[in-house]
Amino acid sequence: MIGPALDVEAVAAFLQTAELASFTRAAVALGSTQSLVSTRIKRLETTLGKPLLQRHPRLVRLTPEGELFLPAAREFLAAHGRALAAFTEEPERIALGIS
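Owing to the predicted nature of the structure, the values given are computational and were not obtained by experimental measurement. (Residues numbered from 1 in each chain as written. Predicted model: local features only at pLDDT ≥ 70, side-chain atom pairs only at ≥ 80, totals over all residues. Heavy atoms only, no water.)

### Considerations on the environment of Thr63
Then comes step 1: Tracing the chain through its elements places Thr63 in the loop between strand 2 (59–62) and helix 4 (64–85).
Then comes step 2: Looking at Thr63, the relative accessible area reads 6%, which means it is buried.
Then comes step 3: For the pair Thr63 and Pro51, spaced 12 residues apart in sequence, the C-alpha to C-alpha distance is 6.8 Å.
Then comes step 4: For Thr63, the residues in contact, after removing those within four places along its chain, are Pro51, Leu52, Leu53 and Gln54. (Helix = DSSP H or I, 4+ residues; strand = E, 2+ residues; numbered from the N terminus. Buried < 20%, exposed > 50% of the residue type's maximum accessible area, 1.4 Å probe, protein only. Contact = heavy atoms within 4.5 Å.)

### A few points about the nonpolar core
Then comes step 1: Counting 18 residues, the largest nonpolar core has Phe14, Val37, Ile41, Leu44, Leu53 and Phe69 as its most contacted members.
Then comes step 2: The dominant element in this core, judged by the number of residues it contributes, is helix 1 (residues 8–20), at 5 residues.
Then comes step 3: Sequence-distant contacts of Ile41, defined by excluding residues within four places in its chain, comprise Ala10, Ala13, Phe14, Thr17, Phe23, Leu53 and Arg55. (Core = buried A, V, L, I, M, F, W, Y, C linked by side-chain atoms within 4.5 Å.)

### Side note on helix 2 (residues 23–30)
Then comes step 1: Within the sequence span of helix 2, burial applies to Phe23, Ala26 and Ala27. Along the axis of helix 2, the buried residues cluster in a sector spanning 100 degrees; they form a single face.
Then comes step 2: Against the buried residues of helix 2 lie helix 1, helix 3 (34–48), strand 1 (53–56) and strand 2.
Then comes step 3: At the N-terminal end of helix 2, a side-chain oxygen is found 3.2 Å from the backbone nitrogen of Thr24, two or three residues along, and the residue is Ser22.
Then comes step 4: One or two positions beyond helix 2, positive phi appears at Gly31, with a value near 65 degrees. (Arc of directions from axis to C-beta. Polar contact = N/O pair within 3.5 Å; in protein donor to acceptor, adjacent residues only side chain to side chain.)

See below:
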């Protein structure tokens, strides 16, 4: 049985926000807006059915559920990157030596 699908961009937004402890700094790092980062994380929390971040006016902290999800989120993004890289062909290089 397959559960709900995770949005890669939402997981990336969660990781940046968790690591930088700021929606604004995460948005800058992702080349996005603060409201889009916040919306993606809310959608992720809805999908998982758990709050991942505690939101305070000037501080963002992980909830206990967020702490549990953090390593899995890192592995999820790493696996996604590996899957994409499997089909990325490296250009062949030929070296010639001429005297």
